[in-house]
Each structure stands twice: as C-alpha cells, then as structure tokens.
Amino acid sequence: QVQLVESGGGLVQAGGSLRLSCAASGRTFSNYHMGWFRQGPGKEREFVAGIPWGGGLTYYADSVKGRFTISRDKAKNTVYLQMNSLKPEDTAVYYCAASPRGPRRRPGEYDYWGQGTQVTVSS
C-alpha cells in the first residue's frame, strides 16, 4: 500500500522558514515525479514544486521560485520542501504527491497523495 506522509508544518511569522518532509513507502518511485501542492482557504489546489525521484531538473510555480527548494533523499525515501521568506499568502495545507507521467503541474495527473500538513504564516 502506497503511503505519502507529510510533516513539518506549523505556524511561522512572515519572513520565516519551514521545511516540510514527505516520507514515501509502499512501492518503488524510481520512475515517478514527486510534487508538492498547496490549497489555501477557499482556493483550488495548486502546484508548488516538482522533482524526478531519480534526481535532475526541479521546477516551481512562479509564486515560490527563488524562495522554495524541493529536494529528495533516496536513502530515506523522503522528499523535502524548504520554504524561506514565507509570506501570509503562503498559508495553506501542503500536500505531497507522486505521478508516473513525468513532470506535471495538474493535480489530476498525480496518482498518490498524502494527507496534508498545515502551514500558517502570520503577518
């Protein structure tokens, strides 16, 4: 059974940092792309960042480029999202997801999802 378990969310002041983790288990993800998405209050789920499990080119939403960094540790089967210079508009539930279809930005193209972790940025 595939499981993606996020952790690391919390409350932080604007300008602060958080690192989210996504522990993956239940299958081999070597041919998958891993993504981070977020869903703010009253908003649709949106793409944040992506990375191939095997490593390589990372890709980001324009709104987080230069502030967020996605990475993965194959030995630990974990994907990370380092978030710096956080803004109140970054407040959302953050989800980890896995897609077998290569680099994708639409939620519908991801097969596996975690339960989400809340990030709240105060002004």
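Residues numbered from 1 in each chain as written. Predicted model: local features only at pLDDT ≥ 70, side-chain atom pairs only at ≥ 80, totals over all residues. Heavy atoms only, no water.

S.K.: Requested: an account of the nonpolar core, with residues and values cited.
M.R.: One finds Met34, Trp36, Leu81, Met83 and Tyr94 to be the most contacted residues of the largest nonpolar core, which totals 34 residues. For this core, the element with the highest residue contribution is strand β9 (residues 92-99), accounting for five residues. With residues up to four places along the chain from it excluded, the contact list for Met34 reads Leu4, Phe29, Ala49, Gly50, Ile51, Trp53, Ile70, Val79, Cys96, Ala97, Ala98 and Tyr110. (Core = buried A, V, L, I, M, F, W, Y, C linked by side-chain atoms within 4.5 Å. Buried < 20%, exposed > 50% of the residue type's maximum accessible area, 1.4 Å probe, protein only. Helix = DSSP H or I, 4+ residues; strand = E, 2+ residues; numbered from the N terminus. Contact = heavy atoms within 4.5 Å.)

S.K.: Requested: an account of the pattern of salt bridges, with residues and values cited.
M.R.: Applying the stated criterion to the full structure yields seven salt bridges. The shortest N-O distance in the salt bridge between Lys65 and Asp62 comes to 3.1 Å. For the pair formed by Lys65 and Asp62, the shared burial category is exposed. Between Glu109 and Arg106 there is a salt bridge whose closest N-O contact spans 3.4 Å. Each member of the salt-bridge network shares a partner with another, and the members are Arg38, Glu46, Arg67 and Asp90. (Salt bridge = Lys/Arg side-chain N within 4 Å of Asp/Glu carboxyl O.)

S.K.: Describe the environment of Pro41, with residues and values.
M.R.: Looking at the secondary structure, you find Pro41 in the loop between β4 (33-39) and β5 (46-52). The exposure class assigned to Pro41 is exposed, which follows from its relative accessible area of 69%. Between the alpha carbons of Pro41 and Ser99 there is a distance of 25 Å; along the sequence they are 58 residues apart.

S.K.: Before we move on, can you summarise the sheet that holds strand β1 (residues 3-7) with the specific residues and values?
M.R.: In space, the four strands of this open sheet follow the order β1-β3-β8-β7, with antiparallel pairing throughout. Here the strands that pair on one side only, and so sit at the sheet edges, are β1 and β7 (68-73). If you compare each strand with its neighbour and ignore which way they point, the axes differ by 15° on average. Across six bridges, the pairing between strand β3 (residues 18-25) and strand β8 (residues 78-83) is antiparallel. (Pairing = 2+ DSSP bridges. Axes fitted to C-alpha atoms, helices over the stretch in contact; angles between N-to-C directions.)

S.K.: Which residues make up the side chain of Arg38, and what values do they have?
M.R.: Along the chain, Arg38 falls in strand β4. Residue Arg38 is classed as buried on the basis of its relative accessible area, which comes to 5%. Polar side-chain contacts of Arg38 include one of 2.6 Å to the side chain of Glu46. A polar contact of 3.5 Å, which involves the side chain of Arg38, links it to the side chain of Ser63. Not counting the four nearest positions on each side in its chain, Arg38 is found in contact with Glu44, Arg45, Glu46, Val48, Ser63, Val64, Phe68, Glu89, Asp90, Ala92, Val93 and Tyr94. (Polar contact = N/O pair within 3.5 Å; in protein donor to acceptor, adjacent residues only side chain to side chain.)

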